[in-house]
Amino acid sequence: GADFSPTAVAQANQRLAEHPGWKGAQVLGGERLPWPDGTFDVITCLETLEHVIPCRLSPMLSELRRALKPGGHLFVTTPHAEDLEVSAIVCPECGCVFHRSQHVRSFTKDSLQRLMVDHGFATSHCNTTNFDYFQAPGWPGWLNITPKRVIRWGWYWGCLTLDVLRIPG
């Protein structure tokens, strides 16, 4: 595991210390990952890419590719076709407008696949998944429909883009 947050790393290491397969998490200190080239068979990048500022995205993807073994897989999840303005909020102190969860970009299946191809990955699977089906029903009855779900289905199909990528070779 790796994160820029020392608190998140400490919590992960504490929570997972007893698991036999846990190798530990490390605090990232810069743009370069602290592992040699070709270290990993699989790297997961869950709900991360939408947070990365534009000038850091290419270096980050290059580092992930560097750390993967030839033929390794990058497993990515990100919100699908998110309307960033819907979750925009205003800071009461400075008046700055930003996304509630600090998302700085939105991806579609096509834009995510293009980004990955541009960084040397080949897509083996890319699809959207609607996680609303796994949520507790808001209204009773067999339809299990809430106003929020109806609105979300109207704006876009699916909540997340799931992309499993592999390095050719």
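Everything below is about the structure shown above.
Now for a description of the structure that goes with this document. (Residues numbered from 1 in each chain as written. Predicted model: local features only at pLDDT ≥ 70, side-chain atom pairs only at ≥ 80, totals over all residues. Heavy atoms only, no water.)

**A short note on the overall build of the chain**
- Of the regular secondary structure elements, the chain holds four helices and eight strands.
- N-terminal to C-terminal, the α/β element order of the chain is β-α-β-β-α-β-β-β-α-β-α-β.
- Burial status across the chain gives 30% buried among its 169 residues.
- Long-range pairs, those at least 24 residues apart, make up 73% of the contacts in the chain between residues at least 6 apart in sequence. (Helix = DSSP H or I, 4+ residues; strand = E, 2+ residues; numbered from the N terminus. Buried < 20%, exposed > 50% of the residue type's maximum accessible area, 1.4 Å probe, protein only. Contact = heavy atoms within 4.5 Å.)

**What about the pairing of strand 3 (residues 40-46)?**
- In this sheet, strand 4 (residues 68-79) lies alongside strand 3 in parallel orientation, the contact comprising six bridges. In the sheet register, F40 faces strand 4, and the bridge partner there is L68.
- Between strand 3 and its parallel partner strand 4, the chain crosses via helix 2 (residues 54-67), and the hand of that crossover is right-handed. (Pairing = 2+ DSSP bridges. Right-handed = clockwise from strand over helix to strand, strands pointing away.)

**Details of the nonpolar core**
- By size, the foremost hydrophobic cluster in this structure holds 20 residues, and its most contacted members are L49, L64, L74 and M116.
- Sorting the residues of this core by element identifies strand 3, helix 2, strand 4 and helix 3 (109-118) as the ones contributing at least two each. (Core = buried A, V, L, I, M, F, W, Y, C linked by side-chain atoms within 4.5 Å.)

**A short note on the environment of L49**
- Looking at the element boundaries, L49 is found in the loop between strand 3 and helix 2.
- Put simply, L49 and H103 are 54 residues apart on the chain and 8.7 Å apart in space, counted from C-alpha to C-alpha.

**Some thoughts on the packing of aromatic side chains**
- All chains considered together, the criterion is met by one aromatic pair.
- Ring geometry for W35 versus F40: centroids 5.2 Å apart, planes at 80°, classification edge-to-face. (Phe/Tyr/Trp six-rings, centres within 6.5 Å; stacked < 30°, edge-to-face > 60°.)

**Here's the deal with the environment of K23**
- Inspection of the secondary structure puts K23 in the loop between helix 1 (6-16) and strand 2 (26-27).
- Residue K23 is classed as exposed on the basis of its relative accessible area of 78%.
- Sequence separation between K23 and G1 is 22 residues; the distance between their C-alpha atoms is 7.9 Å.

**A word on unusual backbone geometry**
- Residues other than glycine seldom take positive phi values, yet A81 does so here, at roughly 50°.
- Within the secondary structure, A81 sits in the loop between strand 4 and strand 5 (88-90).
- Relative accessible area serves as the criterion here: at 26%, A81 is assigned to the partly exposed category.
- Unusually for a residue other than glycine, Q102 sits at a positive phi of about 65°.
- Assignment of secondary structure puts Q102 in the loop between strand 6 (97-99) and helix 3.
- For Q102, a relative accessible area of 46% puts it in the partly exposed group.

**A look at the environment of A88**
- In this fold, A88 is placed in strand 5.
- A residue is classified by how much of its surface remains accessible, and A88, at 34% relative accessible area, is partly exposed.
- With near-sequence residues (within four places) excluded, A88 lies in contact with V97, F98 and H99.

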